[in-house]
Amino acid sequence: MLILSRLFRSGQFTQLNRRLFSCTASMADSLSKLKPVVAVVQMTSTPDKEATFAQLSALVTRAKSRGALMTFLPECADYVSETREQAVSLAEPLEGPTVSRYQDLARSLKMWLSVGGYHEKPENTEETKRIYNTHLLIDSEGTIQGVYRKVHMFDIDIPGAVPSYESSYTVPGSRIGPPVLTVCGKVGMAICYDMRFPEMSVSLVQQGAEILTYPSAFTIPTGMAHWETLLRNRAIENQVYVIAAAQIGRHHAKRSSYGNAMVVDPWGTVLAKCHDTVDICLAEIDLPLLHKRRSEMPVLSHKRHDLYGQVLSNTVLPADSQSEYQFGAHSVKSTSVFYRTALSIAFVNRKPVLPGHVLVCPVRVVEHLTDLTAAETADLFLAVQSVAEFTKKHYQVSSLTIAVQDGPDAGQTVKHVHVHVLPRKRGDFADNDDVYRQLEKHDKNVKASEWRSDEDMASEAAVMRKYFYAQ
Ligand code: AMP
């Protein structure tokens, strides 16, 4: 396009070429308005990994030929084992050959993949008898963009179904979100049984999800009773697309799955559903429509958290998703921030009273503790707790001063609620309570040259980030 418009300007275009160009431009314009097409897979995995991959690969290739930009695969996309021991013995780490095959497939077809569940062998060598049930998002260049390890264990014993004790061979994950930006929107990752926990869906939507995914291997009795109702509920109450790839049919003598892979839109309409066999179905994702629905009926902002509380998204978010944060009248560079949740940040101090003196504050500029919402209060103190744990370990101390100066008469300089966290050692002040006198005066009448440099603060924060973001 750029070259064409340069040629235009240089007068090298004939009348015909001009017409051709305007035709190309309008085609490009309408192409850019096309809604992304997603494919949803319904398959029958077996204990045979090779045969299962061959089936998966054929279905994904078919999805590509039908114009899908992203394909969603079900839970147990790698195999369905006959025994718990086999589930563990066939598992592979993230760097193993099966995940590499998924990456190669995505790269060669130039297609995003949601590998709804594969059996991941934990890095932790103490866990020799259990796996993770792991959902992967792989982009069209084959790079892993999202890893979610199932958090709710399917430990049930109901009439008509084979009892399941997932926790006996699966380690539950410990993180939800954040959603991953994909070619078809922001995808909140979940797996199968997670769909029964509306709090998890609310947490993902609070974090920005536009699409919730429930790749599954549902049992037949629970599927007949609950599958479609649960999926449509999650879509309607959260005003999101719900994409649920599924296992179907007989995996081996002891296990069969319900199928009914589908895509539900934010209005609760089932847009596409697979036939009652190994199959794919396709649907368009219309994000402008999703946002129109949300503005016409703003249920997400009508919530009365003051009456029934708020789901907390206890998730560590990337600190540098914005370049700086407001701290009262000041700004804090993201390079000084070492921990961030949806509602709070923790950052290093520009004028610490002691080495390791850091601050935790709500993201929203709020002057007094009493002005915080319940969710902000809870999130702030949970963040303080995490920072306190780190400070004790890192500075090898057993004591901390954790203080809030609320209002000018209490020594507050910055009009933004903040919690001071300081490691304490015996004898660090002549008199223990001197720390409060220092907190009161350390940042008053400071010459510009006495504040720490951005570089100095960034290098302290970088060390701390390793702790919070490596977990
Ligand atoms: P207070 O006196 O309780 O309001 O404490 C304010 C704290 O914020 C002091 O410890 C200051 O050193 C610290 N501080 C002020 N501005 C910044 C900034 N831009 N970045 C980091 N720390 C800051």
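Residues numbered from 1 in each chain as written. Predicted model: local features only at pLDDT ≥ 70, side-chain atom pairs only at ≥ 80, totals over all residues.

Pairing within the open sheet is mixed, and its 6 strands lie in the order β8-β9-β10-β11-β14-β15. If you trace the sheet from one side to the other, it starts and ends with β8 (180-182) and β15 (270-273), each paired once. The average angle at which neighbouring strand axes cross in this sheet is 25 degrees, direction not considered. Of the strand pairs in this sheet, strand β14 (residues 262-264) and β15 are connected by 3 bridges, and their pairing is antiparallel. By the bridge assignment for β15, M262 is matched with K273. Strands in contact with helix α7 (residues 220-238) are β10 (211-213), β11 (241-244) and β14; relative to β11, the strand with the most contacts, it is inclined by about 155 degrees. (Pairing = 2+ DSSP bridges. Helix = DSSP H or I, 4+ residues; strand = E, 2+ residues; numbered from the N terminus. Axes fitted to C-alpha atoms, helices over the stretch in contact; angles between N-to-C directions. Contact = placed C-beta atoms within 7 Å.)

Hydrogen bonding along the main chain pairs the strands of a sheet, whether they run parallel or antiparallel. As summarised here, the arrangement of the 5 strands in space is β19-β20-β21-β23-β22, forming an open sheet in which the pairing is antiparallel. Of all the strands in the sheet, just β19 (337-340) and β22 (399-403) have a single pairing partner and so form its edges. Within the sheet, the average angular offset between the axes of one strand and its neighbour, ignoring direction, is 20 degrees. Bridge count for β22 against strand β23 (residues 419-424) is 5 bridges, and the pairing is antiparallel. Paired with L400 across the two strands is P423, which belongs to β23.

On to the site of the ligand, then. Close contacts around the ligand come from 15 residues, with R350, K351, Q405, T413 and D443 the closest. Across the shell around the ligand, the residue classes tally to 5 nonpolar, 7 polar and 3 charged. (Near = placed C-beta within 6 Å. Nonpolar A, V, L, I, M, F, W, Y, C, P; charged D, E, K, R; others polar.)

Here we take up the nonpolar core. Within the largest apolar cluster, 74 residues are counted, with the highest numbers of intra-cluster contacts made by V38, V40, V41, L113 and V242. For this core, the element with the most residues is strand β1 (residues 37-43), which contributes 5 residues. Leave out the neighbours within four places in its chain, and V40 touches F72, I243, A245, A261, M262, V263, A272, C274, I280 and C281. In terms of nonpolar packing, the next biggest core, distinct from the first, is built from 26 residues, A319, A383, V435 and A461 among them. (Core = buried A, V, L, I, M, F, W, Y, C linked by C-beta atoms within 7 Å. Buried ≥ 20, exposed ≤ 12 C-beta atoms within 10 Å, placed from the backbone.)

As a further point, take the domain arrangement of the chain. As assigned here, the chain comprises domain 1 (33-303) and domain 2 (319-470). Centre-to-centre separation of domain 1 and domain 2, based on C-alpha positions: 40 Å. (Domains from an automatic or database assignment.)

As a further point, take the packing of helix α3 (residues 49-65) against helix α5 (residues 97-109). At their nearest, the axes of α3 and α5 sit 11 Å apart, and the two run at 20 degrees to each other. When the interaxial angle is binned, α3 and α5 end up roughly parallel. In terms of crossing hand, the pair formed by α3 and α5 is right-handed. The segment α3 lies against α5, with K49, F53, S57, V60, T61 and K64 engaging T98, R101, L105 and L109. Tallied by class, the residues present in the contact of α3 with α5 amount to 4 nonpolar, 3 polar and 3 charged. (Parallel < 35°, antiparallel > 145°, perpendicular 65-115°, else oblique. Left-handed = near helix turned anticlockwise from the far one by under 90°.)

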